[in-house]
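As a plain string of letters, each chain reads:
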Amino acid sequence: MAFASVERLKTAAEKNPLVVKEAKEKGKKIVGLYCLYSPAEIALAAGAAPMVLCGTRNDSIATAEETLPRNLCPLIKSSYGFAVQGTCPYFSASDIIVADTTCDGKKKMFEYMSEIKPLHLLYLPHGPHLPEARVFWAAEMRRLVERLEKEFGVSIGEDDLAKAIALANRERAALKGLMDLSRQKPAPLSGMTMLELLFKSGFFADKEEIIDMLEEIVAEVSAAPQNGASEGPRVLLTGVPVGMGSHKVVKLIEDAGARVVAFENCTGYKKTLPVATDKPPLEALAERYLATPCSIMSPNTARFDLLDEMIRDFSADAVVDLTWQACHTYNVEAGKVRRFVQDKGLPYLQIETDYSEADTEQLKVRIEAFLEMMH
Amino acid sequence: MIVAGVDVGSTGAKAVVLDAATGGILGLAEAPTGFSPPKAGEEVLEAALAKAGFARGDVASVVGTGYGRVSLPFAARRVTEITCHARGARHLTPEARCVLDIGGQDSKLIALHADGSVKDFVMNDKCAAGTGRFIQNMAAVLGLDLDEFGAAAARGQPVSLSSMCAVFAETEIIGLTAQGARVDDLAAGILASVARRLKTLTGRVPLVPVLVFTGGLARNPDMTALIAQGLGVELHAPPEAPFAGALGAALIAAETAT
Ligand code: SF4
Ligand code: SF4
């Protein structure tokens, strides 16, 4: 079914590069972010527009491989490729890049990227349960505040931060509302549509505008009459981030007759954890961002709690765990996810791939056989 | 009523014609896939029908499987080779709980539930090591056809090869040949390295008896014995094992046609 509000977001997104350019001409600062660990709130509090930069397309990888090893995660290569090629309007528009030491590949790639643009590296601690980690991460938040103050000639007060947190929380709630539409059986939007919306929503300079659009979609779609059509097995996708350009597995799953109803990854539900509003802002930010259940954390118990919750809430029939080639953390953790999912009695499939089309036929066999197995 | 299963793989195409009521095999045929999967599928179907003494019009339903399954115009349904190999192997060996299929481009290990349905499966990654293609290429490096290669390996003492990579293994074999290594020992070493590679699949899908070996290599008793030895298990390779995929497809056709 086509929804006017869905089309509106897609059309609006097409104008985003232009809107960003205009905003920049009017003096708006742009902060490029790569990872869910980078706090968009601090950019907002500095009066800048945070942009989620992408590393989801294959076309920039060849350029990246001139500098980076071939045997590296495609996400890292794609991000770097766009940076050197200068073909991403959002990267070009960014006044500064905020990056973090998530995995080793990214961390070292950012050293090269800092030769292209001003880059602020956040040193992310990997033991989320340690009290010292939270203290250290809060200090990193403070260091970012100071950097942006200096870079943009502004001063960031507690109030600015509190306001930014409130705005970002509203955006998170709107995104969660959108994703929660798929709790319905059958899910009203396909996984591909959902992914496109989630991905495109990251490129709006004006948060109010995107929040409105997301809320409109939720209102229109939930009011629409349910179509009773059968949707095939309901798949929960976990693992690495996906976006447009790196969506092939989502497409293959849906082409094979299943529906991706839930995205546990950074593109999806991981984004929706709110920031507490009853604490000093930097402390609250540190706490929230450190709680992101990424495989680079050790132990990463929170991912399993989230999976558990989502399998239940989205009535998942199966779990597909997507890992990028050479992503050690997600690939190693896949063994634990397999055990966890199978212990719950659900079928589990791990797919390790990159952005190229080279293995499409083999992936089709795996995915179709996986779905046949569930009959 | 008769039905058929056609398995068009990356290297070979196979067809099985079945009596839908009894499950009895009436005709078998195979041919290299060549450059045209639909043509190869057509050919083997015709040949299997000719052997069975039937014509195209007699077939109630055809199920296609293998990499070429999407391009078979006559197939009523398409089912993956995982499901088909499981079905076929189970039909040939009713006690089967696990299936090892070495295909042209990939190898699969399939675990079965007690009722014969697929419980879990693993496939090798993109790498060629551990596939039929790898063995074929290595045999060609040694100047042997597959039967000669199996016989040579059976006579040899496995040389240890450090590389599992198709490209580097070739270089290594040429180097070892230059140093005077015996062809028999190299062939044995190559099969041992294939078994070692296959062993890495068993972490996720354990090898449990009864284990049925399917795919083209299963027709070669020397190779079957050496791979079984390398894996440390007993492998059952019934005579029709190379046709397990097509047979499974035909069995599924029989189910859906009635
Ligand atoms: S997918 Fe894995 S390797 Fe790639 S950036 Fe993320 S954590 Fe690093
Ligand atoms: S070059 Fe070697 S490692 Fe690479 S895919 Fe081929 S066989 Fe595998």
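It should be emphasised that the depicted structure is a prediction, and the values quoted were computed from it without experimental measurement. (Residues numbered from 1 in each chain as written. Chains lettered and ligands numbered in written order. Predicted model: local features only at pLDDT ≥ 70, side-chain atom pairs only at ≥ 80, totals over all residues. Heavy atoms only, no water.)

Draft legend 1. Broad picture of the overall build of chain A. Across its full length, chain A carries 16 helices and eight strands. For 375 residues, the compact-globule formula gives about 21 Å, and the C-alpha radius of gyration of chain A, at 20 Å, lands near that figure. Referenced to the eigenvectors of the C-alpha coordinate spread, the extents of chain A come out at roughly 60 × 45 × 40 Å. A total of 375 residues make up chain A; the buried ones form 59% of that total. (Helix = DSSP H or I, 4+ residues; strand = E, 2+ residues; numbered from the N terminus. Rg over C-alpha atoms; globule rule 2.2 N^0.38 Å. Buried < 20%, exposed > 50% of the residue type's maximum accessible area, 1.4 Å probe, protein only.)

Draft legend 2. Broad picture of the sheet that holds strand S2 (residues 49–52) of chain A. Residues and elements named next belong to chain A. Ordered in space as S2-S1-S3-S4, the four strands form an open sheet in which the pairing is parallel. Looking at the sheet topology across the chains shown, the edges are occupied by S2 and strand S4 (119–122). Adjacent strand axes in the sheet meet at a mean angle of 25° when their direction is disregarded. (Pairing = 2+ DSSP bridges. Axes fitted to C-alpha atoms, helices over the stretch in contact; angles between N-to-C directions.)

Draft legend 3. Region of interest: the domain arrangement of chain B. Residue and element names in this part refer to chain B. Parsing chain B into structural domains produces domain 1 (2–85 + 243–255) and domain 2 (96–237). Averaged C-alpha coordinates put domain 1 and domain 2 at centres separated by 26 Å. Contacts between the two partners involve 10 residues from domain 1 and, on the opposite side, 16 residues from domain 2. Around 960 Å² of area is buried between domain 1 and domain 2 when both sides are counted, 59% of it from carbon and sulfur atoms. Salt-bridge contacts for Glu30 lead to Arg219; the nearest nitrogen and oxygen are separated by 3.0 Å. Inspection of the region where domain 1 meets domain 2 yields four residue pairs in polar contact (both at pLDDT 80 or more). In terms of residue class, the side of domain 1 that touches domain 2 is built from three nonpolar, four polar and three charged. (Domains from an automatic or database assignment. Contact = heavy atoms within 4.5 Å. Buried area = accessible area lost by both parts, 1.4 Å probe. Salt bridge = Lys/Arg side-chain N within 4 Å of Asp/Glu carboxyl O. Polar contact = N/O pair within 3.5 Å; in protein donor to acceptor, adjacent residues only side chain to side chain. Nonpolar A, V, L, I, M, F, W, Y, C, P; charged D, E, K, R; others polar.)

Draft legend 4. Spatial organisation of the site of ligand 2. If you check the shell around ligand 2, you find Cys127, Ala128, Cys165, Ala166 and Val167 of chain B and nothing else. Among the residues making up the shell around ligand 2, the classes are represented as five nonpolar, no polar and no charged. (Near = heavy atom within 4 Å.)

Draft legend 5. Region of the structure containing the interface of chain B and chain A. Contacts between chain B and chain A engage 18 residues on the former and 19 residues on the latter. Between chain B and chain A lies a buried interface of about 1,500 Å² when both sides are counted; carbon and sulfur atoms form 52% of it. Linking chain B to chain A there are two salt bridges. The residue Asp120 of chain B makes a salt bridge to Arg338 of chain A at a minimum N-O spacing of 2.8 Å. Listing elements by their share of the side of chain B that touches chain A, those giving two or more residues are helix H2 (81–92) and strand S8 (118–123) of chain B. Ranked by the residues each element gives to the side of chain B that touches chain A, the list is headed by S8 of chain B, at five residues. Of the residues in the side of chain B that touches chain A, the class split is six nonpolar, three polar and nine charged.

Draft legend 6. Focus on helix H3 (residues 132–141) of chain B. All names here are of chain B. Residues of H3 that are buried: Gly132, Phe134, Ile135, Met138 and Ala139. Down the axis, H3 shows its buried residues gathered within 160° of arc, on one side only. As for H3, its buried residues are in contact with strand S6 (98–102), helix H4 (146–155), helix H5 (166–178), helix H6 (183–199) and helix H7 (221–231). One or two positions beyond H3, positive phi appears at Gly143, with a value near 75°. (Arc of directions from axis to C-beta.)

Draft legend 7. Focus on unusual backbone geometry. Following Lys185 of chain A, the chain continues to Pro186 of chain A via a peptide bond in cis, the omega torsion being -5°. Turning to its location among the elements, Pro186 of chain A is positioned in the loop between helix H9 (158–180) and helix H10 (191–200). Look at the link from Pro209 of chain B to Val210 of chain B: it is a cis peptide, with omega at 0°. Locating Val210 of chain B in the fold gives a position in the loop between H6 and strand S9 (211–214). Non-glycine residue Ala326 of chain A carries a positive phi angle of around 70°. Looking at where Ala326 of chain A falls in the secondary structure, it is placed in the loop between strand S7 (318–324) and helix H15 (328–343).

Draft legend 8. Structural view of the sheet that holds S7 of chain A. Residues and elements named next belong to chain A. Across the sheet, four strands lie side by side as S6-S5-S7-S8; this open sheet has parallel pairing. What marks the edges here is a single partner per strand, and that holds for strand S6 (259–263) and strand S8 (348–353). Between one strand axis and the next, the sheet turns by 30° as a mean value, whatever way the strands run. Sheet topology places strand S5 (residues 234–239) next to S7; five bridges connect them, and they run parallel. Each residue of the ladder has a partner; that of Gly239, found in S7, is Leu322.

Draft legend 9. Local environment of the pattern of salt bridges. Residues and elements named next belong to chain A. Enumeration over the complete set of coordinates arrives at 43 salt bridges over all chains. Measuring nitrogen to oxygen at the nearest pair gives 2.7 Å for the salt bridge that ties Arg172 to Glu41. Placement of the pair is Arg172 in helix H9 and Glu41 in helix H3 (residues 40–45), with a sequence separation of 131 residues. One salt-bridge network, in which partners are shared between bridges, spans Lys176, Asp180, Arg183, Arg312 and Asp313.

Draft legend 10. View of H7 of chain B. All names here are of chain B. Within the span of H7, buried status applies to Met223, Thr224, Leu226, Ile227, Ala228 and Leu231. Packed against the buried residues of H7 are S6, H3, H4, H6 and S9. Where H7 begins, one side-chain oxygen reaches toward the backbone nitrogen of Asp222, 3.0 Å away; that side chain belongs to Asn220. One or two positions beyond H7, positive phi appears at Gly232, with a value near 70°.

Draft legend 11. Main features of the site of ligand 1. The immediate surroundings of ligand 1 are formed by Cys73, Ile76, Cys103, Lys106, Val240, Trp324, Cys327 and Thr329 of chain A. Per-class residue counts for the shell around ligand 1 are six nonpolar, one polar and one charged.

Draft legend 12. Inspection of the pairing of S5 of chain A at higher detail. All names here are of chain A. In terms of burial, S5 is a largely internal element, six of the six residues being buried. Of the two faces of S5, the one lined by Arg234, Leu236 and Thr238 and the one lined by Val235, Leu237 and Gly239 are each fully buried. Bridging between S5 and S6 involves four bridges; their strand directions are parallel. Counted as the bridge partner of Arg234 is Arg259 from S6. For the handedness criterion, the β-α-β arrangement of S5, helix H12 (residues 248–255) and S6 is classed as right-handed. (Right-handed = clockwise from strand over helix to strand, strands pointing away.)

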